[in-house]
Amino acid sequence: MSSLLAANRPFFVPYAVFLLSGAVWQVFWSPTAIFLAINGANSPFADAFFTYFTHIGDGAFFAVTVIFLLFVRFRHTLVGAASFALSSGVAQGLKRLVFPDVLRPRAVFEGSSVVPHWVSDVELHSHHSFPSGHATTAFAVFCLLALVLEDKRWGVLYFVLALLAAYSRVYLGQHFFADIYFGSLIGVASSLLAY
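I will try to describe carefully the structure that is included in this document. As the structure is a prediction and not an experimental result, all values here were calculated from the model.

Along the backbone of the protein there are ten helices and zero strands. Seen in sequence order, the protein has helices and strands lined up from the N terminus as α-α-α-α-α-α-α-α-α-α. On the principal axes, the C-alpha backbone points of the protein span a range of 55 × 35 × 30 Å. Taken across its 195 residues, the protein has 45% of its residues classed as buried. Across the protein, every contact between residues at least 6 apart in sequence was considered, and the portion connecting residues at least 24 apart equals 84%. In the form shown here, the protein has an accessible surface area of approximately 9600 Å², with 70% of it arising from carbon and sulfur atoms.

Okay, here's the thing in C-alpha cells:
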C-alpha cells in the first residue's frame, strides 16, 4: 500500500494536506461556522461556475468515466465499476440507513436570523446530508484516474477537480464540510480497495 501511495504522490500529498487541515478546522470551528465561511465567500461568477461544475460529482459522470476506461484497458474498467459500486453503496447506505435524520444546511438555517447565500435555480434539499454523495463520487472517480492512468503528474489536477466538486456542495448550500470530508474518505478508500 505504501508503494502505491508513493507512486501516486501528486494526488495523495495534497489530499493528505486536505485531510489534516480539514480535521483541524473541524476541531476548532463548528459545522455552521465552517459552512458560513465557505458559503459566504461568493460571487456571481462562482455561483454560475459551481452550479454546473457540481455535476462532476454525479453518478452519470462516473459511469461515463468507466465507459471511457474501456478504451484504455479492460482491467481499469472493472476497477472503475467496482469503485463506483462500492463508493455509491457505502455512501447511500450511510445516508439513507445509518444517518437518515442528519439535516442539510437549508433545514438547519430555516427560521434562523442567519441567512446563508442561496444560489438561485439550485434546488436545495433538506435531509440525507451525511455523507455527501457528490463528494464521494468525485473523489472516487479522480482517485481512480490517478491510480490507473500512466502519467502520474496529472494527479494534482485530479485532486483539484475532486476538491472543487466537493467544495461546490458546501458553496451551493447542499452540505456541511463534514459531509464532504467524510465523503472524500469513502471515495478514496473505495478506489484504493477496488484497485
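That covers the picture; the talk isn't over yet.
Another aspect to go through is the environment of Asn39. Here Asn39 lies in helix H3 (residues 31-40). Sequence-wise, Asn39 and His55 are 16 residues apart; in three dimensions their C-alpha atoms are separated by 18 Å. Those residues within four positions of Asn39 in sequence are excluded, and the remaining contacts are Pro116, His117, Val170, Tyr171 and Gly173. Engagement of the side chain of Asn39 in a polar contact is seen with the backbone oxygen of Tyr171, the distance being 2.9 Å.

By the definition in use, this model includes one salt bridge. For Asp151, the salt bridge is made with Arg153, and the minimal N-O distance between the two is 2.9 Å.

Right, let's get into the packing of aromatic side chains. Within this structure, the stated rule accounts for 28 aromatic pairs. In textbook terms, an aromatic cluster arises when at least three aromatic residues are bridged by ring pairs, as seen for Phe11, Phe12, Tyr15, Phe18, Trp25, Phe99, Phe130, Phe139, Phe159, Phe177, Tyr181 and Phe182. Between Arg75 and the ring centre of Tyr195, over which it is positioned, the NZ or CZ distance is 5.2 Å.

The next thing to look at is the environment of Phe18. Residue placement: Phe18 occurs in helix H2 (residues 9-28). Using a relative accessible area of 6% as the deciding quantity, one classes Phe18 as buried. As for Phe18 and Phe159, which are separated by 141 residues in sequence, their C-alpha atoms are 9.9 Å apart. Other than its neighbours up to four places away in sequence, Phe18 contacts Phe159, Leu163, Phe177, Tyr181 and Ser184.

Definitions and cut-offs
- For every chain, the first residue of its written sequence is number 1, and the numbers climb from 1 along that sequence.
- In keeping with the predicted nature of the model, local features appear solely for residues at pLDDT of at least 70, side-chain atom pairs appear and are counted solely at 80 or more, and the whole-chain, interface and lining totals rest on all residues.
- Computation of side-chain values: all heavy atoms of the structure, hydrogens and water removed.
- Comment: elements are numbered from the N terminus, with helices defined as DSSP H or I runs of at least four residues and strands as E runs of at least two.
- Accessible area is worked out with a 1.4 Å probe on protein chains only. A residue is then buried under 20% of its type maximum, exposed over 50%, and partly exposed in between.
- Only heavy atoms matter for contacts: two residues are in contact if any of them lie within 4.5 Å across the pair.
- Using the Shrake-Rupley algorithm and a 1.4 Å probe, accessible areas are obtained, with residue cover drawn only from the displayed protein chains.
- Under this definition, polar contacts are N or O atom pairs within 3.5 Å; protein pairs additionally need one hydrogen-donor-capable and one acceptor-capable atom, and for neighbouring residues in sequence, both atoms have to be side-chain atoms.
- Between Lys or Arg on one side and Asp or Glu on the other, a salt bridge is scored when a side-chain nitrogen of the former is within 4 Å of a carboxyl oxygen of the latter.
- What counts as a ring pair is set by centres within 6.5 Å for rings of Phe, Tyr and Trp (its six-membered ring), and what kind of pair is set by the plane angle: stacked under 30 degrees, edge-to-face over 60, tilted for all other angles.
- Ring-over charges, as used throughout, are those where CZ of Arg or NZ of Lys falls within 6 Å of the ring centre and within 35 degrees of the ring normal.

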